Amino acid sequence: QELIGICEKYGIVILSDEVYRLLEHDPIDRIPAMADAYENGISCVTLSKPWGGCGITIGWLCSKNAKIIQQIWDCQYFGTACCSRASEIQAMMVLRASDTILKDRLSVILRNKALLQEVIETQFPDLFEWQRPNAGAIAFIKFKGPLTSLELGSLLAKRGVSIKPAYCFADNVTPEVDYFRVGFGERKMPKALAVFVSVIEEHKDTWRESMKC
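In this report, we go over the structure that sits alongside the text.

So, how was this worked out
- Residues numbered from 1 in each chain as written.
- Predicted model: local features only at pLDDT ≥ 70, side-chain atom pairs only at ≥ 80, totals over all residues.
- Heavy atoms only, no water.
- Helix = DSSP H or I, 4+ residues; strand = E, 2+ residues; numbered from the N terminus.
- Buried < 20%, exposed > 50% of the residue type's maximum accessible area, 1.4 Å probe, protein only.
- Contact = heavy atoms within 4.5 Å.
- Areas by Shrake-Rupley, 256 points an atom, 1.4 Å probe, with all protein chains shown as cover.
- Lys, Arg positive; Asp, Glu negative; His and termini not counted.
- Charge placed at Lys NZ, Arg CZ, Asp CG, Glu CD.
- Polar contact = N/O pair within 3.5 Å; in protein donor to acceptor, adjacent residues only side chain to side chain.
- Core = buried A, V, L, I, M, F, W, Y, C linked by side-chain atoms within 4.5 Å.
- Axes fitted to C-alpha atoms, helices over the stretch in contact; angles between N-to-C directions.
- Parallel < 35°, antiparallel > 145°, perpendicular 65-115°, else oblique.
- Nonpolar A, V, L, I, M, F, W, Y, C, P; charged D, E, K, R; others polar.
- Pairing = 2+ DSSP bridges.
- 1 Å grid on protein atoms, 1.4 Å probe; cavity = no way out; pocket = protein on both sides within 12 Å on 5 of 7 lines; lining within 4 Å.
- Points joined across faces, edges and corners; volume = space filled by probe spheres on them.
- Phe/Tyr/Trp six-rings, centres within 6.5 Å; stacked < 30°, edge-to-face > 60°.

Looking now at the overall build of the chain. A count of helical and extended segments in the chain gives 7 helices and 6 strands. With the C-alpha coordinates aligned to their principal axes, the bounding extent of the chain is approximately 65 × 40 × 35 Å. Scored against the burial criterion, the 213 residues of the chain give a buried share of 36%. Contacts in the chain between residues far apart in sequence, at least 24 positions, make up 63% of those at least 6 positions apart. Surface summary for the chain: the accessible area is close to 13,200 Å², and the carbon and sulfur share equals 56%. Taking the average location of the 25 positive side-chain charges in the chain and that of its 26 negative ones, the two points are 6 Å from each other.

Locating lysine 204 in the fold gives a position in helix α7 (residues 189-211). Engagement of the side chain of lysine 204 in a polar contact is seen with the side chain of glutamate 201, the distance being 2.6 Å. Sequence-distant contacts of lysine 204, that is, excluding residues within four places in its chain, are made with Phe124 and Leu127.

Right, let's get into the environment of threonine 46. With respect to the helices and strands, the residue threonine 46 is situated in strand β2 (residues 41-46). When near neighbours in sequence (up to four residues on either side) are disregarded, threonine 46 contacts Val19, Trp51, Ile58 and Gly59. In terms of polar contacts, threonine 46 uses its side chain to reach the backbone amide nitrogen of serine 48, at 3.2 Å.

On to the nonpolar core, then. Residues Leu116, Phe128, Ile141, Leu152, Phe180 and Phe196 are the most contacted members of the largest nonpolar core, which totals 36 residues. Put simply, the parts of the chain that give this core at least two residues each are α4 (85-96), α5 (98-123), β4 (128-130), β5 (138-143), α6 (149-157), β6 (179-183) and α7. Looking at this core, the element that brings in the most residues is α7, giving 7 residues. For leucine 152, the residues in contact, after removing those within four places along its chain, are Phe128, Phe143, Leu147, Ile163, Phe180 and Trp207. Of all hydrophobic cores here, the second largest spans 5 residues; its members include Cys7, Ile14, Met34 and Tyr38.

Attention now goes to the packing of α5 against α7. Packing of α5 against α7 leaves a shortest axis separation of 11 Å and a crossing angle of 5°. Judged by the inter-axis angle, α5 sits roughly parallel to α7. In this structure, α5 contributes Asn112, Leu115, Leu116, Val119 and Gln123 to the contact, and α7 contributes Met189, Pro190, Leu193, Phe196, Val197, Glu201 and Arg208. In terms of residue class, the contact of α5 with α7 is made up of 8 nonpolar, 2 polar and 2 charged.

So, about the pairing of β2. Burial of β2 is extensive: 5 of the 6 residues sit out of reach of the surface. Pairing between β2 and strand β3 (residues 59-62): 4 bridges, direction antiparallel. The residue of β3 that forms the bridge with valine 45 is tryptophan 60.

Size it by volume and the largest pocket reaches roughly 760 Å³. Lining the largest pocket we find 29 residues, and of these Val182, Gly183, Phe184, Gly185 and Glu186 sit closest to its centre. Listed by contribution, the elements that provide at least two residues to the lining of the largest pocket are α5, β5, β6 and α7. Taken together, the residues of the lining of the largest pocket sort by class into 17 nonpolar, 6 polar and 6 charged.

Each pair of aromatic rings is reported with the distance of its centres and the angle of its planes. If you walk through the whole model with that rule in mind, you get 6 aromatic pairs. Ring centres of phenylalanine 128 and phenylalanine 180 lie 6.3 Å apart, and the angle between their planes is 80°; on these two criteria the pair is classed as edge-to-face. Separated by 52 residues along the polypeptide, phenylalanine 128 in strand β4 and phenylalanine 180 in strand β6 bring together distant segments of the chain. Like phenylalanine 180, phenylalanine 128 is buried. Members of the aromatic cluster, each reached through a chain of ring pairs, are Phe128, Phe143, Phe180, Phe196 and Trp207.

Written as structure tokens, this is what we have:
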């Protein structure tokens, strides 16, 4: 509301990326869509994240301001004049089953989050820290051991596990921002996590010893 108040005062348009909306881990954390909350707000939505419809390539923009929508329409007309009919049909099928799909997606996310939380907060709290996410299926984790996120990523890659090191998100990687990104929205995530834990178990004593120096 504070942001909206500032933007209302100066006539600023807010474009809100809401591709993970509806994947709040607790519905109480869901905030209103920007298109509902602000006259000059634009909500950007896609089927690829909450519904897992990445190949459908359908999304939409919403706003109360018809002038803004018309300006966007005029700008993008030639690029989006004809969406794939197959994609449109698939999008309608997905949205008709929206409640069932979202329930399934959230069950996978919450189950995987609990597993990840156990590893970070209970098994290895001296080696990892995070700000526990309350929506979506992405987490940023800090490794407190002697390796950078890039070095840790290289070690895990040898075992077939992929993480996104800090250099993917920052031009200047310092210890303060040296977090790595993991996803926990897929059914196969527990298998990857088991390999992740096996690598930690293999090196934890050496890492802990070096952290004493």
